[in-house]
Amino acid sequence: KDPVVCRGLGKTWAAGTSRAHEALKGIDLDVKPGEFVVLLGPSGCGKSTLLYLIAGLEDVTTGELNHFGEPVTGPSPDRSLIFQETSLFPWLTVWENVAFGLSIRGASHAERKEAAVQALREVGLTAAMNKRPDELSGGMRQRVAVARALAMRPKVLLMDEPFAALDVQTRQKMQDFLLDVWRDSGATVLFVTHHIDEAVALSDRVVVFTSRPGRIKTIVTNDLPRPRD
Ligand code: ADP
Ligand code: ADP
């Protein structure tokens, strides 16, 4: 039973209306436990749509989508989605932001604070726990967003171009940081990007979205370490 299995998966936005728009069709994908999968493809090819479906934020139109053998029927803390813009609450402190998602689980104040501090420790941000989001840099805010997701102890971490708004240097640091977090957490990661350099830097396994079967004829593996390894 794998964390994500798609069989003939299709999604039509606004299905049954005059604005109906087919974004995905016939997607077959298996993601194994603990994999770091990069979904690479040009804008508009359906990467975000796929993450929305896996997150359970949108209904599947055709085919099957299973999470550990169970059909995905709605959102779950087990499948956490991180967006390009962090959407942190500006009026809450860093630790309160991280603890926010845990309140749905009925945890006590002390339990939530402890879980938040632990997640902030994993992203190296305990020193900033009492600050507000607007006192942090863009890279730090995205680390808070990662901590907020980690605090839920998700089995699957879904990331939709999470570093797109950051400058190139910060983005490279965040990629290294994310790989460390991934190795430590044991979570399965699906990471969406349209930047081939980002896909190469992060690649454990890259899934290329293409509408032309057979176009990708050869996978070449360069056995040299990646530039920043
Ligand atoms: P990507 O993430 O690869 O850029 P998206 O999944 O965002 O691609 O979009 C795939 C297609 O679905 C695009 O044509 C886009 O306009 C459309 N789409 C995405 N989200 C919605 C939505 N909420 N309603 C209608 N169409 C959408
Ligand atoms: P991405 O940066 O992932 O490609 P977009 O900029 O295409 O995302 O879309 C941003 C938001 O707008 C998403 O929530 C997406 O679902 C929604 N969206 C995209 N295309 C459409 C559309 N044609 N109609 C309605 N909503 C859309």
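Further up the page is the structure itself.
This text gives an overview of the structure that appears in the document. The model shown is predicted, which means the values in this text are computed figures rather than measured ones.

1. Considerations on the sheet that holds strand β1 (residues 4-13)
One open sheet accounts for 4 strands, arranged β2-β1-β4-β5; its pairing is antiparallel. Looking at the sheet topology across the chains shown, the edges are occupied by β2 (21-31) and β5 (70-71). Strand direction decides the pairing type here: β1 and β2, joined by 7 bridges, are antiparallel. Its bridge partner lying in β2, Thr12 is registered against Glu22.

2. A closer look at the pairing of strand β6 (residues 79-82)
Covered by surrounding structure in β6 are Arg79 and Leu81 together with Ser80 and Ile82, the residues of both alternating faces. Where β6 lies against strand β7 (residues 156-160), 4 bridges are found, and the strand directions are parallel. When the bridges of β7 are listed, Ser80 appears paired with Leu157.

3. A look at the pattern of salt bridges
Per the stated rule, a full pass over the model turns up 8 salt bridges. In this structure, Arg171 and Glu198 form a salt bridge, with 3.9 Å as the shortest nitrogen-oxygen distance. One end of the pair, Arg171, is in helix α5 (residues 168-185); the other, Glu198, is in helix α6 (residues 196-202), and 27 residues separate them in sequence. Judged by its relative accessible area of 12%, Arg171 is buried.

4. A few points about the packing of aromatic side chains
Inspection of every chain in the model, using the stated rule, returns 7 aromatic pairs. Ring plane angle 85 degrees and centroid distance 5.3 Å describe the contact between Phe36 and Trp182, whose orientation is recorded as edge-to-face. Of this pair, Phe36 sits in strand β3 (residues 36-40) while Trp182 sits in helix α5, and the two are 146 residues apart along the sequence. A single burial state applies to Phe36 and to Trp182, both of which are buried. Arranged with centres 6.4 Å apart and planes meeting at 65 degrees, the rings of Tyr52 and Phe83 form a pair that is edge-to-face. Of the two residues, Tyr52 sits in helix α1 (residues 47-55) while Phe83 sits in the loop between β6 and α2 (94-100), which places them 31 residues apart along the sequence. Take Tyr52: its relative accessible area is 27%, and that puts it in the partly exposed class. The exposure class of Phe83 is partly exposed, given its relative accessible area of 32%.

5. Examining the sheet that holds β6
Pairing is parallel in the open sheet, where 5 strands are placed in the order β6-β7-β8-β3-β9. Lying at the two open borders of the sheet, with one neighbouring strand each, are β6 and β9 (205-208). Between one strand axis and the next, the sheet turns by 20 degrees as a mean value, whatever way the strands run. Sheet topology places β3 next to strand β8 (residues 188-193); 5 bridges connect them, and they run parallel. Looking across to β8, one finds that Leu40 is bridged to Thr193.

6. Structural notes on the site of ligand 2
Ligand 2 sits among Ser48, Tyr52 and Asp160. One of the side-chain nitrogen or oxygen atoms of Ser48 is found 2.5 Å away from an oxygen atom of ligand 2. Between an oxygen atom of ligand 2 and a side-chain N or O atom of Tyr52, the distance comes to 3.0 Å. Its free accessible area being 550 Å², ligand 2 has 27% of it covered by the protein chains.

7. Quick notes on the state of the cysteines
A complete count under the given rule lists 0 disulfides for this structure. Not part of a disulfide, Cys45 finds its nearest cysteine sulfur in Cys6, a span of 14 Å. With a relative accessible area of 21%, Cys45 lands in the partly exposed category.

Rules and cut-offs
- Residues numbered from 1 in each chain as written.
- Chains lettered and ligands numbered in written order.
- Predicted model: local features only at pLDDT ≥ 70, side-chain atom pairs only at ≥ 80, totals over all residues.
- Heavy atoms only, no water.
- Pairing = 2+ DSSP bridges.
- Helix = DSSP H or I, 4+ residues; strand = E, 2+ residues; numbered from the N terminus.
- Buried < 20%, exposed > 50% of the residue type's maximum accessible area, 1.4 Å probe, protein only.
- Salt bridge = Lys/Arg side-chain N within 4 Å of Asp/Glu carboxyl O.
- Phe/Tyr/Trp six-rings, centres within 6.5 Å; stacked < 30°, edge-to-face > 60°.
- Axes fitted to C-alpha atoms, helices over the stretch in contact; angles between N-to-C directions.
- Near = heavy atom within 4 Å.
- Polar contact = N/O pair within 3.5 Å; in protein donor to acceptor, adjacent residues only side chain to side chain.
- Areas by Shrake-Rupley, 256 points an atom, 1.4 Å probe, with all protein chains shown as cover.
- Disulfide = S-S within 2.5 Å.

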